[in-house]
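Residues per chain are reported as follows:
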Amino acid sequence: MTKVLVLGSSHVGALREAAEPFRRVFPRVEIDYFATPGPMFRAGRVTDAGFFAPRRTSEKDAAIVAKVNDGKETCDLGGYDQILCVGHRPLFVSTTALLSAHDLLEGSRTGKPHLVSRSFVLAVAHEQLDQFVSEIQWRYGTKHPFVFTLAPYPSEGIAARVASYPDAQPIVDYMTHADTPAIFADWLSIYETGLRAAGYDVLHQPEITVAGPCLTKKRYAEGALHADGSALGWADHRHMNAEFGFEMLSALAQEKLNIAPAVSAA
Amino acid sequence: MKDDRIISPYQGLEPRAFWRSGLVEAGQFPPLDLYRPKFVVTRDQPVMTAGSCFAQHVGKALRGAGFNVIDAEPAPGTVSDALAQQYGYGLYSARYGNIYTVRQLLQLLLECAGQYQPADAVWEKDGRFFDAMRPGVEPTGHDSAHQVREARTAHLTAVAKALSEAQVLIFTLGLTEAWEHGPTGTIYPTAPGTIAGRMTPDFAYRNFRHAEIRDDFDSVRRLLHAINPAMRFVLTVSPVPLTATASGDHVLSATTYSKSVLRGVAGELAQDYADVDYFPSYEIVTAPISRGAMYEPNMRSVRSDGVAKVMQTFLHAMGAAPPPAPTKTVQQLRAERRARRQNPLPDVGPANETESETENDVICEEALLAAFEKK
């Protein structure tokens with residue numbers, strides 16, 4: 001039996017929802033889950049004793065973590081073949097924001113008042129992602145077999161919300177920008193290279209779920225649940241459903257554990 | 001009856017007119033009355049800055065003090081200052097990089113006006129292409145010569161916009177030495193082969209003379225007055241010595257020549273024109289009373305506290321800052337001198353010395369010349 005821990009933020013919810021169908025298709029993989037609200041997860045770190053300790057600043061925080069994780073406030077990382085870390089989100093949107101008042105010199109012309117070189121955009125991405133990787137190293141160390149996967153890309157359905165949700169605008173901007181595919185490919189490569197150089201493995205969001213650069217197909221966001229099992233609002237574009245969770249776990253099993261499905265997922 | 005008593009013309013002059021009372025016994029350095037501006041630059045006046053690498057400090061300090069320093073090519077998004085500056089953002093009022101000579105400034109203005117086209121304007125290195133007129137602003141170059149030209153066109157549009165807004169130009173004169181494309185006279189900010197490009201017989205060393213620099217500045221002034229007849233100019237001379245000279249002279253003599261000529265031109269212009277002022281940043285850093293203390297150990301880069309002193313003197317004179325705090329009295333300086341005699345400084349400029357990497361660092365292509373020194 002191969003043992004896996006899925007550790008992360010509320011995005012663990014989609015994977016946990018897929019636990020049962022995954023067990024049927026990959027019976028040789030045993031998965032544990034440990035999830036905390038995003039801010040506690042992202043500010044957590046691995047202790048010298050080998051536990052992941054989310055950042056809790058109050059009794060209330062501790063109670064939330066315990067409630068979601070069968071009474072546990074920390075997670076023992078020992079004994080796992082892989083630890084899938086879900087929910088970190090270095091912001092691609094902060095790279096694409098470089099194009100809010102500038103056109104890419106090497107790219108398309110959209111009438112922006114200035115030009116910026118691809119070299120500068122990549123330098124910015126490097127700077128931001130290097131900082132991200134340094135923080136990951138500080139929080140996680142390299143004693144455990146971590147596989148990092150980004151928080152799910154936003155749902156393409158976010159475009160429908162933009163009128164009532166201004167924060168969606170930067171995402172809609174890059175959805176519609178002709179140079180986004182090339183920039184995202186570069187960005188993802190810098191992200192992966194940085195993490196691998198620091199001694200971590202990387203799992204990309206499965207292609208089947210991807211609608212475009214840094215976008216998830218709308219259907220994977222429909223019917224999503226919180227990590228505690230409660231229903232999300234209709235307009236959530238970040239959290240994904242059990243179908244998405246299954247695709248993620250399936251990719252982990254096949255790509256990182258070299259385990260083929262025992263039965264057809266259908 | 002005629003008064004035959006001889007009265008010295010120096011009699012009754014202000015204390016600032018005398019070395020002892022104006023400097024040695026002034027109580028602080030720089031003395032508060034070192035600089036009396038001809039005109040005040042106010043916080044709301046659009047200011048354009050340009051010049052050699054020391055000029056980067058001027059723009060930074062003015063921005064920090066709330067002055068309206070034009071930025072016609074702002075860095076996109078939210079990026080660190082250090083990274084932005086590597087790409088020429090935020091150093092000056094546009095991404096023209098360091099402008100070491102007045103001829104270089106004149107060329108830029110003429111090019112903006114469509115009256116000039118630099119020769120050999122794209123330099124190549126290892127398959128990457130650089131704007132020869134500002135090779136440092138894209139450290140890894142562009143994919144093609146076409147992209148260099150396209151970026152330059154956009155840059156010139158931005159410079160023209162800055163010029164149309166500016167009411168004051170603060171220009172730091174840096175060098176007299178430059179490299180010239182012989183057949184056309186185009187002057188470059190760096191020698192071919194330093195960042196990119198290749199030295200060929202077409203390029204020749206040029207050491208500008210006083211009259212040439214004066215003529216160039218007169219042309220600059222005419223061009224800018226054609227855009228804005230009320231444009232004013234503040235000139236300074238960079239106190240940063242030459243990294244290297246191609247004059248054949250010792251680098252110390254070459255530095256003295258270069259700075260003397262620039263200082264002479266600046267002084268002459270300030271004497272001749274009501275709209276041109278000279279601010280003595282050079283004097284503040286190099287004055288004997290400073291004993292080199294405003295330089296880093298490499299005796300070339302200006303220390304951050306030296307820069308602060310220069311800029312605080314300027315801002316105070318403009319009514320935008322309190323006077324620089326009294327620092328060292330002559331007695332203190334003498335005590336320091338005694339201490340230095342007892343504990344002399346190590347030899348200056350060890351071969352393996354590196355430029356300091358402090359917040360105060362500036363982007364200075366000229367420093368790259370040190371890499372060509374025989375070891």
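What counts, and where the lines are drawn
- Residues numbered from 1 in each chain as written.
- Chains lettered and ligands numbered in written order.
- Predicted model: local features only at pLDDT ≥ 70, side-chain atom pairs only at ≥ 80, totals over all residues.
- Heavy atoms only, no water.
- Helix = DSSP H or I, 4+ residues; strand = E, 2+ residues; numbered from the N terminus.
- Buried < 20%, exposed > 50% of the residue type's maximum accessible area, 1.4 Å probe, protein only.
- Contact = heavy atoms within 4.5 Å.
- Areas by Shrake-Rupley, 256 points an atom, 1.4 Å probe, with all protein chains shown as cover.
- Salt bridge = Lys/Arg side-chain N within 4 Å of Asp/Glu carboxyl O.
- Buried area = accessible area lost by both parts, 1.4 Å probe.
- Polar contact = N/O pair within 3.5 Å; in protein donor to acceptor, adjacent residues only side chain to side chain.
- 1 Å grid on protein atoms, 1.4 Å probe; cavity = no way out; pocket = protein on both sides within 12 Å on 5 of 7 lines; lining within 4 Å.
- Points joined across faces, edges and corners; volume = space filled by probe spheres on them.
- Nonpolar A, V, L, I, M, F, W, Y, C, P; charged D, E, K, R; others polar.
- Core = buried A, V, L, I, M, F, W, Y, C linked by side-chain atoms within 4.5 Å.
- Pairing = 2+ DSSP bridges.
- Axes fitted to C-alpha atoms, helices over the stretch in contact; angles between N-to-C directions.
- Phe/Tyr/Trp six-rings, centres within 6.5 Å; stacked < 30°, edge-to-face > 60°.
- Lys NZ or Arg CZ within 6 Å of the ring centre and 35° of its normal.

The helix and strand tally for chain B stands at ten helices and nine strands. When each of the 375 residues of chain B is scored for burial, the buried share is 50%. Taking contacts inside chain B between residues at least 6 apart in sequence as the whole, the part at least 24 apart equals 72%. When the accessible surface of chain B is totalled, it reaches about 17900 Å², and 54% of it is carbon and sulfur.

Moving on, we come to the pattern of salt bridges. Counted by the stated rule, this structure contains 27 salt bridges over all chains. For Arg16(B), the salt bridge identified is with Asp33(B), shortest N-O distance 3.9 Å. Here Asp33(B) lies in the loop between helix H1 (19-24) and strand S1 (47-51) and Arg16(B) lies in the segment before H1, a separation of 17 residues in the sequence. Of the residues examined, Arg16(B) reaches a relative accessible area of 34% and is grouped as partly exposed. Among the ionic pairs, Glu138(B) bridges to Arg95(B), the shortest N-O distance being 3.0 Å. Residue Glu138(B) is located in the loop between strand S3 (128-131) and helix H5 (145-165), and its partner Arg95(B) is located in the loop between helix H3 (81-86) and helix H4 (102-112); the two are separated by 43 residues in the primary sequence. What makes Arg95(B) buried here is its relative accessible area of 5%. Sharing partners across several salt bridges, the network here consists of Glu192(A), Arg196(A), Asp201(A) and Lys256(A).

Each partner contributes residues to the interface: chain A has 16 residues there, and chain B has 21 residues. Interface area for chain A against chain B, summed over the two sides, is near 1400 Å², with a carbon-plus-sulfur share of 61%. Here chain A is connected to chain B by one salt bridge. With a shortest N-O distance of 2.6 Å, Glu150(B) and Arg109(A) are connected by a salt bridge. At the junction of chain A and chain B, the tally comes to six residue pairs in polar contact (both at pLDDT 80 or more). Elements supplying a minimum of two residues to the side of chain A that touches chain B: strand S8 (114-116) and helix H6 (118-140) of chain A.

Moving on: empty space enclosed by the protein. Throughout the structure, instances matching the rule amount to eleven cavities of 30 Å³ or more. Looking at the largest cavity, its volume works out to about 150 Å³. Around the largest cavity, the lining is made up of 15 residues, and of these Arg89(A), Phe92(A), Pro154(A), Cys214(A) and Arg238(A) lie nearest the centre. Its residues placed into classes, the lining of the largest cavity shows 13 nonpolar, no polar and two charged. Within this model, the second largest cavity holds a volume of roughly 100 Å³. Surrounding the second largest cavity, Tyr96(B), Ile99(B), Gln104(B), Gln107(B), Leu108(B), Glu111(B), Tyr116(B), Pro118(B), Met133(B), Arg134(B), Arg152(B) and His155(B) form its lining. Those elements giving two or more residues to the lining of the second largest cavity turn out to be H4 and H5 of chain B. The greatest single-element share of the lining of the second largest cavity, amounting to four residues, is contributed by H4(B). Looking at side-chain class alone, the lining of the second largest cavity contains six nonpolar, three polar and three charged residues.

Formed by 55 residues in total, the largest nonpolar core has its most connected members in Leu7(A), Tyr140(A) and Phe146(A). When contributions to this core are tallied by element, the ones reaching two or more residues are strand S1 (2-8), helix H3 (38-42), strand S6 (82-88), H6, strand S9 (146-150), helix H7 (169-175) and helix H8 (180-197) of chain A together with H3 of chain B. Ranked by residues supplied to this core, first place goes to H6(A) with eleven residues. Contact partners of Tyr140(A), with chain neighbours within four places excluded, come to Leu7(A), Phe41(A), Val46(A), Phe52(A), Cys85(A), His88(A), Phe146(A), Phe148(A) and Tyr200(A). Leu156(B), Leu169(B), Phe217(B) and Tyr273(B) belong to the second largest nonpolar core, which has 45 residues in total.

Below, the discussion takes up the sheet that holds strand S4 (residues 168-173) of chain B. All names here are of chain B. One open sheet accounts for four strands, arranged S1-S4-S8-S9; its pairing is parallel. Strands with a single pairing partner mark the edges of an open sheet, and in this sheet they are S1 and strand S9 (276-278). Averaged over all neighbouring strand pairs, the angle between strand axes comes to 20°, with direction disregarded. Alignment of strand S8 (residues 232-237) against S9, held across three bridges, turns out to be parallel. Directly across from leucine 235, in S9, lies its bridge partner tyrosine 278.

It is worth spelling out the packing of aromatic side chains at this point. In this structure the tally under the stated criterion is 26 aromatic pairs over all chains. Geometrically, the ring pair formed by Tyr188(B) and Phe203(B) is edge-to-face, given 5.5 Å between the ring centres and 65° between the ring planes. Of this pair, Tyr188(B) sits in strand S6 (residues 186-188) while Phe203(B) sits in strand S7 (residues 203-207), and the two are 15 residues apart along the sequence. The residues Tyr188(B) and Phe203(B) share a single accessibility class, namely buried. On the numbers, 5.1 Å between centres and 80° between planes, the contact of Phe279(B) with Phe314(B) is edge-to-face. Remark: Phe314(B) occurs in helix H9 (residues 304-317) and Phe279(B) occurs in the loop between S9 and helix H8 (281-286); sequence separation between them is 35 residues. Comparing Phe279(B) with Phe314(B), the two get one shared label, buried. Grouping aromatic residues by their ring pairs yields a cluster made of Phe92(A), Phe132(A), Tyr153(A), Tyr174(A), Phe184(A), Trp187(A) and Tyr191(A). Above the ring of Tyr89(B), the side-chain terminus of Arg95(B) is found at 4.2 Å from the ring centroid. A cation over an aromatic ring shows up here: Arg263(B) above the ring of Tyr278(B), its NZ or CZ 3.7 Å from the ring centre.

This brings us to the pairing of S1(B). Within S1(B), five of the five residues are buried, which leaves it mostly tucked inside the rest of the structure. Residue alternation in S1(B) divides its side chains into two sets, Val47(B), Thr49(B) and Gly51(B) and Met48(B) and Ala50(B), and both sets are buried.

In short, shape yes, function no, at least from these values alone.
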